[in-house]
Structures are given as structure tokens and as C-alpha cells.
Amino acid sequence: MVKACIFDLDGVIVDTAVYHFKAWKRLANHLGFDFTEAENEKLKGVSRVRSLQLILEWGGVKKTTDEQSQLADLKNSWYVEMIQGMQPDEILPGAKEFLLTVRNAGLKTALGSASKNSRTILEKVGLIELFDSIIDGNTVTASKPDPEVFLKGAQSLGFNPADCVVFEDAIAGVEAALAGGMKVVGIGDSATLIGANLVVAGLHEMNLDKLYKL
Ligand code: BG6
Ligand code: MG
């Protein structure tokens, strides 16, 4: 029986991809090349530093490690500026309702995100109180598809991986959950989220019945 739900943030609880896109595009333009929405799609679930390295490769630009770290900081400063204005109406459909449903059913909730900005975002949209534990880019060393973020999530709640269900929109995140020995609900397209135990369009399509049948 499932005892806890672990949620990815970006693309599952809130749609921040648009802000990441604007900030990365501004950085690419600043370096003299363009950045497309199709490229942005490939960065879902990918850490900040790895995202920058991919963008530099796509733009055919080489930078030293120090320069990379400055560029990642610059992008993040623009991103942080944008997320300051986030509002509760940016919560994805059904996300708050499903968090409340599982908590009212006595299950625990954790966040399992690659983002180092997760607390700011959860505070801005007013959801921070609905998580028993927050594991994010500040707490992990290995990026998804490594299972570290979800294993730490399960551990922080005091449960075994097999007692937890992960909700993820990125293929790297689905792979991470499976590698950690957890059930996983993919948020998005079943053609992309291969291996997920169930794929739904969003948390508005989830309920306790579907959760318990996994
Ligand atoms: C993931 C996003 O959740 O977090 C990625 O899907 C992002 O696009 C990553 O790069 C790291 O986020 P941040 O906020 O630490 O730059
Ligand atoms: Mg995501």
C-alpha cells in the first residue's frame, strides 16, 4: 500500500518552463546565438549547469568552467527576478487539490526536484505547507536519472522506496524513480514517458483510486 507521494516541481506542480525559456534565451542572445522552444523542451529535468553546457554546445560556443559558472549565475539572476512575481494561479490544474486529497487520506508528501529555487517557488504560489519534506537541487549531488533525489525523499519521510509513488514529467525523472525502486506516474505523453506505471495529462486526472491501483 502506498504511504507517500513524491512530486517533481517544474511541469508537475507549476509550469516554470516558460520562465526558464525566457532566461536561457536571453543568455543565448547575450552570447550571440538563438535558443528555441524545441531546445528548451530537451532541458526538462536537466540541472542548471548541465543545461548551460548543452546550450553552449548547441550555440557552438566554448567557455571555461569559471565562465560557465558565471553564466549560470547570470541566467539564474534573471530567472529568480521572474519567479518573484509568481502567483497561486500558476499552480497547474488539479495539483493543489491532489496534494490535499493525499494528505487528507493520511499519506505523506515530499518534493523531489532538481531546482535550487524550489522553496521560493512553493512559497510564492502558497504550497510550501503542503509538503512534509523538500528535497531539491540544494540537497542532492547527483542529477536525475540518478535516483538520489527520490531516495532521499523517501528516507526523509521514513519510508522504503517501495512505499512511495513518484510524479514526474521528464523522462530522466521517470528513469530516476524506477531506478530507485518506486512506482511512477508520468505527467504528459505516454510515448515519451516510457516505463511509467501510469501516464496522465496532469494531476487533475489523478485520484485515490488510481493511486491505490498502481
Ligand atoms: C528542473 C527543471 O526542475 O530544475 C530544469 O526542469 C532546471 O529545467 C532544473 O534546469 C534546475 O533548476 P534551477 O531552478 O536550480 O535552475
Ligand atoms: Mg519536471
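Look up a bit, the structure's there.
Peer 1: So what's going on with the overall build of the chain? Residues and values would help.
Peer 2: A tally of helices and strands in the chain yields 9 helices and 6 strands. Since a compact globule built from 214 residues should have a radius of gyration of about 17 Å, the 17 Å found for the chain is in line with a globular shape. Per-residue burial for the chain yields a buried fraction of 47% across its 214 residues. Of the contacts formed within the chain by residues at least 6 apart in sequence, a portion of 60% connects residues at least 24 apart. In the structure as shown, the chain presents an accessible area of about 10,000 Å², 50% of it carried by carbon and sulfur atoms. Charged side chains of the chain number 22 positive and 28 negative; the gap between the two group centres comes to 2 Å.

Peer 1: Account for the site of ligand 1, with residues named and values stated.
Peer 2: The environment of ligand 1 is formed by 14 residues, the closest being D10, V46, S115, K116 and N117. Here an oxygen atom of ligand 1 sits 2.7 Å away from a polar atom, N or O, in the main chain of V46. Protein burial of ligand 1: of its 390 Å² of free accessible surface, 95% is covered by the chains. Looking at the shell around ligand 1 residue by residue, the class counts come to 4 nonpolar, 6 polar and 4 charged. Both of domain 1 (4-15 + 88-212) and domain 2 (17-83) provide at least three residues apiece to the shell around ligand 1.

Peer 1: Can you explain the nonpolar core? Please cite residues and give values.
Peer 2: In this structure, F7, I13, L127, F131, F167, L203 and L211 are the most contacted members of the largest nonpolar core, which totals 49 residues. Listed by contribution, the elements that provide at least two residues to this core are β1 (4-7), α1 (17-30), α3 (48-59), α4 (65-83), α5 (95-104), α6 (118-124), β4 (164-168) and β5 (183-187). Per-element accounting of this core gives the leading share, 6 residues, to α1. Of the domains in this structure, domain 1 (4-15 + 88-212) and domain 2 (17-83) are the two that each give at least three residues to this core. Setting aside its immediate chain neighbours within four residues, F131 contacts F7, I13, L99, R103, T109, A110, L111 and L122. Of all hydrophobic cores here, the second largest spans 18 residues; its members include I6, F150, V166 and V174.

Peer 1: An account of the side chain of E168 is requested, with residue identities and associated values reported.
Peer 2: Tracing the sequence through the fold places E168 in strand β4. Taking the relative accessible area as the measure of exposure, E168 reaches 1% and is therefore buried.

Peer 1: Pulling in residues and values, what's your account of the coordination of the magnesium ion (ligand 2)?
Peer 2: Here the magnesium ion (ligand 2) is held by D8 (OD), D10 (O) and D169 (OD), and the distances to it run 2.0 to 2.1 Å. For the magnesium ion (ligand 2), the donor residues sit on a single chain with the sequence spacing D-x1-D-x158-D. In this pair, D8 is assigned in the loop between β1 and α1 and D169 in the loop between β4 and α8 (171-179), connecting sequence segments 161 residues apart. Across the pair, exposure class does not vary: D8 and D169 are buried alike.

Peer 1: Quick one: what's the story with α4, residue by residue and with numbers?
Peer 2: Helix length check: α4 (19 residues) gives 27 Å between terminal C-alpha atoms against 27 Å at 1.5 Å per residue, within 8%. Within α4, burial applies to Q68, L71, A72, K75, N76, W78, Y79 and I83. Around the axis of α4, the buried residues are gathered within 160 degrees of arc, so they sit on the same side. Within α4, the exposed residues directed more than 90 degrees away from the buried face are D66, Q70 and E81. Those residues of α4 that are buried lie in contact with α1, α3 and α6.

Peer 1: I'd like a rundown of the state of the cysteines, residues and numbers included.
Peer 2: One pass over the structure, following the stated rule, counts 0 disulfides. Considering cysteine sulfurs only, C164 is the nearest to C5, which forms no disulfide, with 8.4 Å between them. Residue C5 is classed as buried on the basis of its relative accessible area, which comes to 0%. Since its relative accessible area comes to 1%, C164 is described here as buried.

What counts, and where the lines are drawn
Residues numbered from 1 in each chain as written. Chains lettered and ligands numbered in written order. Predicted model: local features only at pLDDT ≥ 70, side-chain atom pairs only at ≥ 80, totals over all residues. Heavy atoms only, no water. Helix = DSSP H or I, 4+ residues; strand = E, 2+ residues; numbered from the N terminus. Rg over C-alpha atoms; globule rule 2.2 N^0.38 Å. Buried < 20%, exposed > 50% of the residue type's maximum accessible area, 1.4 Å probe, protein only. Contact = heavy atoms within 4.5 Å. Areas by Shrake-Rupley, 256 points an atom, 1.4 Å probe, with all protein chains shown as cover. Lys, Arg positive; Asp, Glu negative; His and termini not counted. Charge placed at Lys NZ, Arg CZ, Asp CG, Glu CD. Near = heavy atom within 4 Å. Polar contact = N/O pair within 3.5 Å; in protein donor to acceptor, adjacent residues only side chain to side chain. Nonpolar A, V, L, I, M, F, W, Y, C, P; charged D, E, K, R; others polar. Domains from an automatic or database assignment. Core = buried A, V, L, I, M, F, W, Y, C linked by side-chain atoms within 4.5 Å. Donors = N, O, S within 2.8 Å, 3.2 Å for Na, K, Ca; no water. Expected span 1.5 Å × (residues − 1). Arc of directions from axis to C-beta. Disulfide = S-S within 2.5 Å.

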